[in-house]
Amino acid sequence: MPIKLVVFDIAGTTVKDDHNVSKAFKAALDKYNYNVPLELINPLMGYEKNQVITQMLRLHETDESKITVGLVNDIHREFVKQMIHFYQFEPGIGPLPNVEETFAALQNTGVLVGINTGFSRDIAETIVNRLQWREKGLIDYLIGSDELELGRPHPFMIQKIMQEADITDPKEVVKVGDTEVDVREGQSVGCKYVIGVTTGIFTREELEEYHPTQIIDDIAELLDIIKQ
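Nothing here was measured: the structure is a model prediction, and the numbers come from that model. (Residues numbered from 1 in each chain as written. Predicted model: local features only at pLDDT ≥ 70, side-chain atom pairs only at ≥ 80, totals over all residues. Heavy atoms only, no water.)

Visitor: An account of the packing of aromatic side chains is requested, with residue identities and associated values reported.
Guide: Inspection of every chain in the model, using the stated rule, returns seven aromatic pairs. For the pair Phe86 and Tyr87, a centre-to-centre distance of 5.1 Å together with 75° between the ring planes defines the contact as edge-to-face. Across this residue pair, the class does not change: Phe86 and Tyr87 are buried. Pairing Tyr87 with Phe119 gives two aromatic rings, centres 6.1 Å apart and planes at 65°, and the pair type is edge-to-face. Within this pair, whereas Tyr87 is found in helix 4 (residues 69-89), its partner Phe119 is found in the loop between strand 2 (112-116) and helix 6 (121-131), the two being separated by 32 residues in sequence. The two residues Tyr87 and Phe119 agree in class, both being buried. (Phe/Tyr/Trp six-rings, centres within 6.5 Å; stacked < 30°, edge-to-face > 60°. Buried < 20%, exposed > 50% of the residue type's maximum accessible area, 1.4 Å probe, protein only. Helix = DSSP H or I, 4+ residues; strand = E, 2+ residues; numbered from the N terminus.)

Visitor: A description of the sheet that holds strand 3 (residues 141-143) should follow, citing residues and the corresponding values.
Guide: Spatially, 3-2-1-4-5-6 is the arrangement adopted by the six strands of the open sheet, whose pairing is parallel. Each edge of the open sheet carries a strand with a single partner, namely strand 3 and strand 6 (214-216). For this sheet, the mean angle separating the axes of adjacent strands, direction not counted, is 20°. Taken together, the four bridges between strand 4 (residues 173-177) and strand 5 (residues 193-197) define a ladder with parallel strand orientation. Directly across from Lys175, in strand 5, lies its bridge partner Val194. Relative to strand 2, helix 5 (residues 99-108) is tilted by about 135°, and along the sheet it contacts strand 1 (5-8) and strand 2. (Pairing = 2+ DSSP bridges. Axes fitted to C-alpha atoms, helices over the stretch in contact; angles between N-to-C directions. Contact = heavy atoms within 4.5 Å.)

Visitor: Any details on the pattern of salt bridges? Residues and values, ideally.
Guide: One pass over the structure, following the stated rule, counts 18 salt bridges. Close ionic contact of Arg152 with Glu185 constitutes a salt bridge, the shortest N to O distance being 3.5 Å. Of this pair, Arg152 sits in the loop between strand 3 and helix 7 (156-164) while Glu185 sits in helix 8 (residues 180-189), and the two are 33 residues apart along the sequence. Of the two residues examined, Arg152 and Glu185, each falls in the buried class. What emerges from the salt-bridge pattern is a single network uniting Asp9, Arg152, Lys175, Asp182 and Glu185. (Salt bridge = Lys/Arg side-chain N within 4 Å of Asp/Glu carboxyl O.)

Visitor: Help me get a handle on unusual backbone geometry, residues and values and all.
Guide: The peptide bond linking Arg152 to Pro153 adopts the cis configuration, its omega dihedral lying at 5°. Structurally, Pro153 can be placed in the loop between strand 3 and helix 7. Although it is not a glycine, Asn98 sits at a positive phi angle of roughly 70°. Position of Asn98 among the secondary structure elements: in the loop between helix 4 and helix 5. Judged by its relative accessible area of 30%, Asn98 falls in the partly exposed class. Although it is not a glycine, Gln132 adopts a positive phi angle of roughly 60°. Examined against the element boundaries, Gln132 turns out to sit in the loop between helix 6 and strand 3.

Visitor: A description of the environment of Gln228 should follow, citing residues and the corresponding values.
Guide: Mapped onto the fold, Gln228 is located in the segment after helix 10 (221-226). Separated by 156 residues in sequence, Gln228 and Val72 have C-alpha atoms that sit 45 Å apart.

Visitor: Account for the side chain of Asp17, naming residues and giving values.
Guide: Its location among the elements puts Asp17 in the loop between strand 1 and helix 1 (20-31). Lys23 is the oppositely charged side chain nearest to the buried, salt-bridge-free Asp17, at an N-O distance of 7.8 Å. When sequence neighbours within four positions are dropped, the list of residues in contact with Asp17 reads Ala11 and Gly12. (Lys, Arg positive; Asp, Glu negative; His and termini not counted.)

Visitor: Mind laying out the environment of Val80, listing which residues take part and the relevant values?
Guide: Summarising the element assignment, Val80 is placed in helix 4. By relative accessible area, Val80 is classed as buried at 10%. Considered as a pair, Val80 and Leu131 are 51 residues apart in the sequence and their alpha carbons are 18 Å apart. Other than its neighbours up to four places away in sequence, Val80 contacts Ser120, Asp122 and Ile123.

Visitor: Explain the nonpolar core residue by residue, including any values.
Guide: Most often, soluble globular proteins keep nonpolar side chains buried together rather than apart. Grouped together as the largest cluster of nonpolar side chains are 59 residues, with contacts concentrated most on Phe8, Phe79, Tyr87 and Trp133. Not counting residues within four places of it along the chain, the set of residues in contact with Phe79 comprises Val21, Ala24, Phe25, Ala28, Lys49, Phe119 and Ile123. The next biggest cluster of nonpolar side chains, apart from the first, holds 19 residues, and it includes Met157, Phe202, Leu207 and Ile215. (Core = buried A, V, L, I, M, F, W, Y, C linked by side-chain atoms within 4.5 Å.)

Next up, the structure:
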């Protein structure tokens, strides 16, 4: 059964990330006097960010009554502000090696390219606009974690893209990402291939713990996998 859709993560999978997302997340928490080490933040970066903020607060706030929706929203707004500014103006923002070539190769064979992310839609749009992926005709779908009630590892973001693409069989879909939650998301959908990449937060050894169907070091390796 041929592959019709590949859904990619953003930071660490298709876009360079030198722990910049984690650093912005830490800075947003620091502003509200929650000093959380990067090593605790890094593994959670693929998740919907309000969920991560709540989890971090529960670990570092002894007074449960202070963990309010308002506080979570304030920290998230600070994170979004920092990330949008970063992706708009920071020099050196760009795709990881062979990403745009891989997108183009998929498009040329009739495979749809989707992007999903633990970021909210406004951050995702900032990145895609900066890289001009729509203008270049490289992506077909984009969805942020705030567009549905539940983000990763739940299947809903990928399922929404599938619905828009009129795809009903998850065995015609591939998920590619650099974190544990990317892998679990693809597994929850039942994708034919759930591929971990070592270009982001997680090492090969760390990804192996979650049993993706493949682990690759270069996004271009995806093309040989889906030809099988």
